[in-house]
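What the coordinates show
Listed below are the residues making up each chain.
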Amino acid sequence: MTSSQTTNGREVRLVARPQGMPVTSDFEVAEVEGRAPGEGEVLVRNLFLSVDPYMRGRMNDVKSYVPPFELGKVMDGGAVGEVAASTVASHAVGDLVLHGLGWRELAVGPAKAFKVLDRGDFSPSYYLGVLGMPGLTAYAGLFDVAGFTDGETVFVSGAAGAVGSLVGQLAKARGGRVVGSAGSAEKVAWLTEELGFDSAFDYKTGPVAKQLRAAAPDGIDVYFDNVGGEHLEAAIGSLKVHGRAAICGMISAYNSAEPPPAPRNLAQVIGKRLKLQGFLVSDHGHLQGEFVREVGPMLADGRLKAQETVADGIDGAVEAFLALMSGGNTGKMVVRVG
Ligand code: NAP
């Protein structure tokens, strides 16, 4: 074994199932006695933890496409780190790795659970955002699910977030006309002035349907849904005949105890022959290669902007998650550890 590290570290656990919006007492940060890696294992010191909306669903004790977090156990999820000790030739001390063992300072496990990454000329956190799961979600949803073609008009909600900001930029890069919605005047200005969106509006300042009609008076070809509810209803109303919607997320309902009151206009899918398709990024792994080939050069030459909101230290992970639920991030939310 090659090694140079202690094995103790802290981790974040879910200790109570939130009712509605989570509160800090639903979580605890605990000191954990670690261990050296056994045969075939590696010890990893995390650099960045991913903070993602889907984690809210995992806090509920319900059957879903991912199992719920266990009470009293670490919150697993995306993270990048450096190999600190290794018993296998494939993983050298200092290698950058991606894994799913989540919100902890140190992770130990079988080498195959840690994917060795290229050290590019960018922050390792990009593997949790623009070059990782949210990036592939944007790419797969826009092109594979919604079938966006060059020059179409796209509406994306949650537009200033990790997925939404990439959807808009990818559509712009292919000659699309892009409308975005977000939850503050600062985010709206960022979308139009920095990211090149054709139009954007603050959904908190008036009815979404009215603002969308004003931004896209001729209607939209594609809707990329990150929010659900009133946004989805507005998009159904603005979609043209044969329009398509990629249903990616419904964050407006994640902390709500009641079923969403909208959309109330679902019958329009018939007359307008709309296609609304839900999707999971995990079904689109086959696109990873072409996604990196398209997005990598755009990132390198500045055509694509990868904004991040970075919280510091594992103690900040819970606050970062709560901020994500209430719009406290622009671009990808990550926690820098150590
Ligand atoms: P994100 O957009 O970076 O962060 C969440 C954002 O949601 C917040 O910044 C906030 O921005 C907005 N928000 C929170 N509550 C809202 C509400 N009630 N109404 C409208 N907006 C609200 O997160 P992300 O990682 O990019 O994920 C975006 C969506 O994609 C989420 O719904 C997520 O669950 C989904 N997703 C799905 C897949 C999949 O495989 N299907 C994969 C990844 C993500 P504002 O300031 O604009 O309110």
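Scope of this entry: the structure provided in the associated data block.

Quick notes on the rules
Residues numbered from 1 in each chain as written. Predicted model: local features only at pLDDT ≥ 70, side-chain atom pairs only at ≥ 80, totals over all residues. Heavy atoms only, no water. Near = heavy atom within 4 Å. Polar contact = N/O pair within 3.5 Å; in protein donor to acceptor, adjacent residues only side chain to side chain. Areas by Shrake-Rupley, 256 points an atom, 1.4 Å probe, with all protein chains shown as cover. Helix = DSSP H or I, 4+ residues; strand = E, 2+ residues; numbered from the N terminus. Buried < 20%, exposed > 50% of the residue type's maximum accessible area, 1.4 Å probe, protein only. Contact = heavy atoms within 4.5 Å.

Concerning the site of the ligand
Lining the immediate environment of the ligand, one finds 26 residues, of which Lys-187, Tyr-203, Tyr-254, Val-281 and Asn-329 sit closest. Take Lys-187: an N or O atom from its side chain is 2.6 Å from an oxygen atom of the ligand. One of the side-chain nitrogen or oxygen atoms of Tyr-203 is found 2.5 Å away from an oxygen atom of the ligand. Considered on its own, the ligand offers 920 Å² of accessible surface; in the complex 90% of this is hidden by protein. Of all the elements in the fold, those that place two or more residues in the shell around the ligand are α2 (133–145), α3 (162–173) and α9 (317–325).

Side note on unusual backbone geometry
Of note, the amide linkage connecting Ala-262 to Pro-263 takes the cis form, showing an omega dihedral of 10°. Relative to the helices and strands, Pro-263 resides in the loop between β13 (239–247) and α7 (268–271). The residue His-242 is not glycine, and still its phi comes out positive at about 70°. With respect to the helices and strands, His-242 occurs in strand β13. For Arg-273, which is not glycine, the phi dihedral falls at a positive 50°.

Some thoughts on the side chain of Ser-238
Tracing the backbone shows Ser-238 in helix α6 (residues 229–238). Overall, Ser-238 belongs to the buried group, its relative accessible area being 8%. With residues up to four places along the chain from it excluded, the contact list for Ser-238 reads Leu-212, Arg-213, Gly-219, Ile-220 and Lys-272.

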